[in-house]
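Structure assessment
Spelled out from the first residue to the last, the chains are:
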Amino acid sequence: MTTTLAGGLHKAQEAVRNASSGSKKAVDLERDISDIHTKLPLTSDHGVRIPNTDQWLRVIGEDKNHSIGPTLLEDQLAREKIHRFDHERIPERVVHARGTGAFGNFRLFQSCEDVTHAGILTDTSRNTPVFVRFSTVQGSRGSADTVRDVRGFAVKFYTDEGIWDLVGNNIPVFFIQDAIKFPDMVHSLKPEPHNEVPQAQTAHNNFWDFAFLHEEATHMFMWIMSDRAVPRSFRMMQGFGVNTFVLVNKQGKRHFVKFHWIPKLGVHSLVWDEALKLGGQDPDFHRKDLMEAIDNKAYPKWEFAIQLIPEEKEHDFEFDILDSTKIWPEDLVPLRVIGELELNRNVDEFFTETEQVAFCTSHVVPGIDFSDDPLLIGRNFSYFDTQISRLGINWEELPINRPVCPVLNHNRDGQMRHRITQGTVNYWPNRFDAAPPAGPNEGAFDTLQAKVAGVKKRAVGEKFREHISQAQLFWNSMSAHEKLHIIKAFSFELDHCDDPTVYQRLAGTRLPEIDLHLAQKVAEAVGAPIPTQPLKQNHGKRAPHLSQDEFATAKPTIESRKIAIIIGDGYDRVAFMGMKAAVLAAGAVPVIIGLKRSPIYAEGDARGVIADHQYDGQRSTMFDATFVPGGSHVKTLIKNGQIRHWIAESFGHLKAIGATGEAVQLVETALRDVEGLKVAGAHESQHVEWYGVVTAGQQKAESFSEGVKIVKDAKDFVGKFFYHVSRHKNYERELDGLTMSVAF
Ligand code: HEM
């Protein structure tokens, strides 16, 4: 599948570009696009045709050996090639350096004119083009996708009134309350200064030192120790604007607002061992996942929702609504779902689009404004500033960054200025009235007048000083397996800290403020003195939509999941073909894993199948589930330790496993150490389901219907198997201690 996609990528992109030619941004970009596949000859950057790009101009001896003489610096064509190469790199982003992006559209379902006059939030007839970049925070550009980290979720809306950048994360809160702490925070989580170790992870002394010394980071570090920090896919995670913004309506009334993205596919995560392995086995896992889904037309979608608090209710809450270490619990401030985002086009070129895209929180459009959230105000300064050193002062002119509406002003010059502005004046006011400020009814961004009074000092508001309550709320809202993962995550992270001050303080002093059981378990694992008393009373409250379990899709679906089907010579063709067809019909992706990639023959069948991959080139970690059809190939599969490991590892990673006929024996052998394992008898046609392991004896062709009903109590083998794939993970396996007995 992947190989075919790569081959046809250029054509596919061409087709999609044609199809989306209605998008204002696609049209805007057209004028800067050139195509390497045109048959035009090679030229230099100044347009002169070049006859040879393989040999530098040099002196060749006239002797019989044509011996090589001096290489000549006068070769301007060779010099240009080398010069261009020498300067290919630009500074990577200081944070969020590793990322990937895609184009799409935003549609509004429900006008919000009661609270804003922003065109994008009031005009339901619009189809606004967007570019979205997902990222990790800590790692450098070449780091792995699946590290434990916050994920950036930055959306550039190309609206009719200018660019709106909603630069959010997949976690709704942040480490710090005040932007002045950002450099300290980033220094502490990046590799340590003396040895540049470790890459892309918080599992080191400095981060946990910082986290302890900043009690305000407590709520956030609970989130990053949770499954939220190891998403299965960018397509299966939430997004949050995090900061508090303001909406302003035509009457000048203000509402505080928080923005949310809710994925249509549910919220799913990897298990930690899987994430660790993928870091080496497939460092581009998330990047490829997004690209392949879009190429396969499984366009990822998110609902867009807002939470609103009228200005006069600002102080009605226990927490300060401008504090970005706090959520607005949804039972107190409900979500209003107003629109939908779809990503439907991959980039043509990574550097000019994904790398050069530059977001800036201060890019808002009329009708959307800033609150006094102190983190937001600092961000508004920082992003513009950092783009200047990364891309230059004219960064907003780059094709990916420029708006689709007219831009006209008296800003001029600077390095790499592209725009040529005609006319004899470049200042205001001028005698021609050229480029005047917008009049009262011309849709300008007009800051609402407000009275500001107070004492100038370096301080925070009273409610900004409470840091534990929402950390408790988060912990209390977790399901059993989520709590287990948090305990394990702390144990892993603090195990990597070798300074006892760091792990003892965290486990012995901070965690008991959240929950005693959590603190005790972690302290025991990492060798800190085990606390015996909670250091703060847990209030026992919970809030909706903090647990990922609450994001199940309305109907179970396996859409876009990757299902490995393992075969060797002698596989059961009926089960193989039936499963492949059913997977495709359900909108998922079957990936044939062969013992080789040359033709593989079914029993009694002369037509060979070419597998997508041979098993040694792939790992179970790269798939959501595995199916093995019966047949005499099982005799070979069973002898292969890597295949047995594949099954055991899938079990350990809580994935659905399906097997029919003789393949049931493979499952039995691979999982022989699991107590109580239940599988179907070889000739039993009725399937047996046990902790997401679905097995059946010989299946007839008619058992593999394409109209599979994916329901919990499915009577057929395929329906039951797909139901378990749709659940994504079988957490009961882990909670009942079964995964512990398998080597993976
Ligand atoms: C609410 C808290 C924050 C969130 C949600 C957030 C989110 C993000 C995201 C998503 C990106 C990557 C944008 C991209 O894909 O190109 C980013 C980059 C960046 N952020 Fe933040 N950030 C936060 C706080 C801050 C603060 C407080 C500062 C500085 C005071 C800051 C400075 C930066 C910088 C300098 C970059 C690199 C931008 C570039 O080079 O393109 N961020 N942030």
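Residues numbered from 1 in each chain as written. Predicted model: local features only at pLDDT ≥ 70, side-chain atom pairs only at ≥ 80, totals over all residues. Heavy atoms only, no water.

It is worth spelling out the UniProt feature "binding site: heme" (unreviewed entry) in the protein at this point. Under the local residue numbering, the UniProt record ascribes the feature "binding site: heme" (unreviewed entry) to Y383. Along the chain, Y383 falls in helix 10 (residues 374–391). Not counting residues up to four positions away in its chain, the partners in contact with Y383 are V167, F359, C360 and T361. Within the local environment of Y383, its side chain forms a polar contact with the side chain of R379, the two groups lying 2.8 Å apart. (UniProt positions renumbered as here; feature names shortened; annotations may be inferred. Helix = DSSP H or I, 4+ residues; strand = E, 2+ residues; numbered from the N terminus. Contact = heavy atoms within 4.5 Å. Polar contact = N/O pair within 3.5 Å; in protein donor to acceptor, adjacent residues only side chain to side chain.)

Let us now look at the layout of surface pockets. As a volume, the second largest pocket reaches approximately 1,500 Å³. Forming the boundary of the second largest pocket are 44 residues, of which P403, P406, V407, L408 and N409 lie nearest the centre. Of all the elements in the fold, those that place two or more residues in the lining of the second largest pocket are helix 2 (24–30) and strand 6 (162–169). Inspection of the lining of the second largest pocket shows a minimum of three residues originating in each of domain 1 (1–87) and domain 2 (99–397). (1 Å grid on protein atoms, 1.4 Å probe; cavity = no way out; pocket = protein on both sides within 12 Å on 5 of 7 lines; lining within 4 Å. Points joined across faces, edges and corners; volume = space filled by probe spheres on them. Domains from an automatic or database assignment.)

Moving on to the pairing of strand 19 (residues 656–660). For strand 19, the tally of buried residues reaches five of five residues, placing the bulk of the element in the interior. Sheet topology places strand 19 next to strand 21 (residues 693–696); four bridges connect them, and they run parallel. Bridge assignment links A659 to a residue of strand 21, and that residue is T695. (Buried < 20%, exposed > 50% of the residue type's maximum accessible area, 1.4 Å probe, protein only. Pairing = 2+ DSSP bridges.)

Take the environment of H187 next. Here H187 lies in helix 4 (residues 182–189). Overall, H187 belongs to the exposed group, its relative accessible area being 58%.

What follows is about the pattern of salt bridges. Under the criterion given, the structure shown has 46 salt bridges. For R126, the salt bridge identified is with D123, shortest N-O distance 3.4 Å. The class for R126 is buried, based on a relative accessible area of 15%. Here D123 falls in the partly exposed class, since its relative accessible area comes to 28%. Where salt bridges share partners, they join K24, D123, R126, D160 and E161 into one cluster. (Salt bridge = Lys/Arg side-chain N within 4 Å of Asp/Glu carboxyl O.)

What follows deals with the nonpolar core. Formed by 54 residues in total, the largest nonpolar core has its most connected members in F175, W208, M222, I224, F490 and L518. Contributions of two or more residues to this core are made by helix 4, helix 5 (205–213), helix 6 (218–224), helix 11 (469–477), helix 12 (480–495), helix 13 (500–510) and helix 14 (516–526). Counting residues domain by domain, this core receives three or more from each of domain 2 (99–397) and domain 3 (473–550). In contact with F490, not counting residues within four places along its chain, are W208, F221, M222, M225, D495, L506, L511, L518, V522 and V526. (Core = buried A, V, L, I, M, F, W, Y, C linked by side-chain atoms within 4.5 Å.)

Turning to the site of the ligand, a few remarks are in order. In the neighbourhood of the ligand, 24 residues make up the surrounding shell, with R93, R133, R379, Y383 and R390 lying closest. Between a nitrogen atom of the ligand and a side-chain N or O atom of R379, the distance comes to 3.2 Å. Contacts to the ligand include R390, whose side-chain N or O atom sits 2.9 Å from an oxygen atom. Those elements that provide at least two residues to the shell around the ligand are strand 5 (151–159), strand 6 and helix 10. (Near = heavy atom within 4 Å.)

A separate point is the sheet that holds strand 20 (residues 688–690). Ordered in space as 17-14-13-18-19-21-20, the seven strands form an open sheet in which the pairing is mixed. Edge strands, defined here as strands with exactly one partner in the open sheet, are strand 17 (613–614) and strand 20. Pairing between strand 14 (residues 589–594) and strand 17: two bridges, direction parallel. Across the sheet, residue G594 finds its bridge partner in strand 17, namely Q614. This element, helix 15 (residues 573–585), spans strand 13 (562–567), strand 14, strand 18 (625–628) and strand 19 of the sheet and lies at about 150° to strand 14. (Axes fitted to C-alpha atoms, helices over the stretch in contact; angles between N-to-C directions.)

This part is about the UniProt feature "domain: Catalase core" (unreviewed entry) in the protein. Look at the UniProt record and you will see "domain: Catalase core" (unreviewed entry) annotated at residues 43–436. End C-alpha to end C-alpha, residues 43–436 measures 43 Å, and it is 20% helix and 21% strand.

With that settled, consider the pairing of strand 5. Of all the nine residues making up strand 5, nine are buried; the element is thus mostly covered by neighbouring parts of the structure. Residues R151, F153, V155, F157 and T159 line one face of strand 5 and the alternating positions G152, A154, K156 and Y158 line the opposite face, and both faces are buried. Relative to strand 6, strand 5 runs antiparallel, the two sharing eight bridges. Each residue of the ladder has a partner; that of K156, found in strand 6, is D165. Hairpin geometry of strand 5 and strand 6 is characterised by an intervening segment of two residues between the two adjacent antiparallel strands.

All right, on to the side chain of T159 then. Within the secondary structure, T159 sits in strand 5. Judged by its relative accessible area of 1%, T159 falls in the buried class. Beyond its immediate stretch of four places on either side in the chain, T159 contacts I120, R126, T128, W164, V365, V404 and C405.

Summed over the entire model, instances satisfying the criterion amount to five cavities of 30 Å³ or more. Taken as a whole, the largest cavity encloses approximately 150 Å³ of empty space. A total of three residues in the lining of the largest cavity trace back to one element, the largest contributor, which is strand 9 (residues 254–263). A per-class count over the lining of the largest cavity returns 10 nonpolar, five polar and two charged. Looking at which domains feed residues into the lining of the largest cavity, each of domain 2 (99–397) and domain 3 (473–550) gives three or more. Considered as a void within the structure, the second largest cavity measures approximately 50 Å³ in volume. (Nonpolar A, V, L, I, M, F, W, Y, C, P; charged D, E, K, R; others polar.)

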